[in-house]
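Single-letter residue listing:
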Amino acid sequence: MAKSPETEHPIKAYGYAASDTSGTFSPLTFSRRATGDKDVRFKVLYCGICHSDLHFAKNEWGVTTYPVVPGHEIVGVVTEVGSKVETFKVGETVGVGCLVGSCRSCQSCSNNLEQFCPKMTFTYAFPNYSDGTLTYGGYSDHMVADEHFVLHWPDNLPLDSGAPLLCAGITTYSPLRHYGLDKPGMKIGVVGLGGLGHVAVKIAKALGAEVTVFSTTPEKKEEALDGLKADHFIVSKDVDQMQAATGTLDGILDTVSASHPIVPFLNILKTDGKLVLVGMPAVPHELPAFPLVLGRKVVGGSNIGGLKETQEMLDFCAKHGITADIEVIPIDYVNTAMERLLKSDVRYRFVIDVANSIKVPSDTRSKV
Ligand code: NAP
Ligand code: ZN
Ligand code: ZN
């Protein structure tokens, strides 16, 4: 049961929240905890819009507690650190992704897999493990988080186009590594060329893969091949193109946000190939045994990544010049952005310029 943030959290914050399943956003004043010993408090500069924000705002997964202030691709600048914070300083640029808490002692936590901790706390719309209050994300003026869940921002990584890496980057980097789909020369497919998908193409290319994009949008072909440097582009609704690719790929990352058939992608895998689901449509997939059994194929899933791997991914992307292709928007554009995201009408990630567009009421602003 979430406790009241007003009694537990003394510092006012201001952001954009959805309050019901319409998913319509409006300004909200709420509260965040005071800076604890191990906490880093920071002003939000940029925040990406992930499709999960849309799923949550409309309660498509049936788990949303309203009001929800989404945002888990957050870049900011540190304004205060607790007395026991060891690795962050005021004025430093930092990132926060999808996690702000975990138990820190279970097997998953011990293995740097905080994303699988039974007490893991998502950055928004989740009861905070430490005090039971609801979390609020980065569509807001500032954040506070335990330093373990704060990332060091690489010097040469842009703040705006780098922000989406905190979810889209780690969600695609981690499964490529974990499932052994990171060997140079491998043939890798990416299904769905959206926020996650376009970053997946860039990361897979940097790992040395030959990359095939599967898209429902033929207009993305030129962008995929010329802009993102993918090697092949297949319109996933074109039966002939799909047939021609049968048995060719070592692994496929499926990033699609909506219900769609996955069997056609199983057919495109080689023997022992792996289909990894990272997209999370609310409707269950249909998964017959035959295409799996007859090629010893594997279907797996993957949930973001742990903090250590997220830092590794940021450093990898900085080294390889990988950022997201973005459209920067003011925060009061968020409702239009969500409508456009639903129609896949963005190339390829909206990023909110929070610091330059949020109009924080004066009685809130003075506290941060
Ligand atoms: P996005 O930017 O909206 O991209 C999704 C893409 O899927 C679209 O651009 C579109 O690509 C394709 N698509 C959309 N509707 C489709 C349909 N009906 N049939 C087939 N393809 C369709 O979303 P995103 O931010 O990348 O997120 C994608 C999914 O990953 C969401 O479900 C999100 O919640 C989930 N996610 C999971 C994790 C995790 O840890 N596992 C982390 C973050 C996000 P084309 O136009 O190319 O077909
Ligand atoms: Zn996300
Ligand atoms: Zn744990």
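Computed from a predicted model, the values in this text were never measured in an experiment. (Residues numbered from 1 in each chain as written. Chains lettered and ligands numbered in written order. Predicted model: local features only at pLDDT ≥ 70, side-chain atom pairs only at ≥ 80, totals over all residues. Heavy atoms only, no water.)

The next subject is the pairing of strand β5 (residues 93–96). When strand β4 (residues 74–81) meets β5, the two strands line up antiparallel, connected through 4 bridges. Residue pairing in the sheet places valine 77 in a bridge with threonine 93 of β5. (Pairing = 2+ DSSP bridges. Helix = DSSP H or I, 4+ residues; strand = E, 2+ residues; numbered from the N terminus.)

Here the focus is the side chain of threonine 171. If you trace the backbone, threonine 171 turns up in helix α5 (residues 168–178). At 2.8 Å, the side chain of threonine 171 and the backbone oxygen of cysteine 167 are in polar contact. (Polar contact = N/O pair within 3.5 Å; in protein donor to acceptor, adjacent residues only side chain to side chain.)

Turning to the pattern of salt bridges, a few remarks are in order. Counted under the stated rule, the structure contains 15 salt bridges. Salt-bridge contacts for aspartate 39 lead to arginine 33; the nearest nitrogen and oxygen are separated by 2.8 Å. Between lysine 38 and glutamate 147 there is a salt bridge, and its shortest N-O distance comes to 2.9 Å. Placement of lysine 38 in the loop between β2 (25–32) and β3 (39–48) and of glutamate 147 in the loop between β8 (142–146) and β9 (151–152) is noted, with a sequence separation of 109 residues between them. Overall, the relative accessible area of 32% leaves lysine 38 in the partly exposed class. Residue class for glutamate 147 comes out buried when judged on its relative accessible area of 9%. (Salt bridge = Lys/Arg side-chain N within 4 Å of Asp/Glu carboxyl O. Buried < 20%, exposed > 50% of the residue type's maximum accessible area, 1.4 Å probe, protein only.)

At 2.3 to 2.4 Å from the zinc ion (ligand 3) lie its protein donor atoms, namely Cys103 (SG), Cys106 (SG), Cys109 (SG) and Cys117 (SG). Here the zinc ion (ligand 3) binds 4 donor atoms, and the angle range of 104 to 117° at the metal identifies the geometry as tetrahedral. Mapping the donors of the zinc ion (ligand 3) onto the primary sequence gives the spacing C-x2-C-x2-C-x7-C. Across the pair, cysteine 109 and cysteine 106 agree in class, each one buried. (Donors = N, O, S within 2.8 Å, 3.2 Å for Na, K, Ca; no water. Tetrahedral: all angles 85-135°; square planar, octahedral: opposite > 155°, others 65-115°.)

This paragraph deals with the environment of glycine 192. Inspection of the secondary structure puts glycine 192 in the loop between β10 (187–191) and α6 (195–206). Sequence separation of glycine 192 and threonine 217 is 25 residues, and the distance between their C-alpha atoms is 8.9 Å. Leave out the neighbours within four places in its chain, and glycine 192 touches Gly197, Phe214, Thr255 and Val256. (Contact = heavy atoms within 4.5 Å.)

Take the layout of surface pockets next. Gaps left between atoms are located by rolling a probe of water-molecule size over the structure's atoms. Computed from the structure, the second largest pocket encloses a volume of approximately 320 Å³. Every residue lining the second largest pocket is counted, 21 residues in all, and those nearest its centre are Arg33, Val100, Asn128, Ser130 and Asp146. Secondary-structure elements contributing two or more residues to the lining of the second largest pocket are β2, β6 (99–101) and β8. Broken down by element, the lining of the second largest pocket gets its largest block of residues, 4 residues, from β8. Of the residues belonging to the lining of the second largest pocket, the class tally is 8 nonpolar, 8 polar and 5 charged. (1 Å grid on protein atoms, 1.4 Å probe; cavity = no way out; pocket = protein on both sides within 12 Å on 5 of 7 lines; lining within 4 Å. Points joined across faces, edges and corners; volume = space filled by probe spheres on them. Nonpolar A, V, L, I, M, F, W, Y, C, P; charged D, E, K, R; others polar.)

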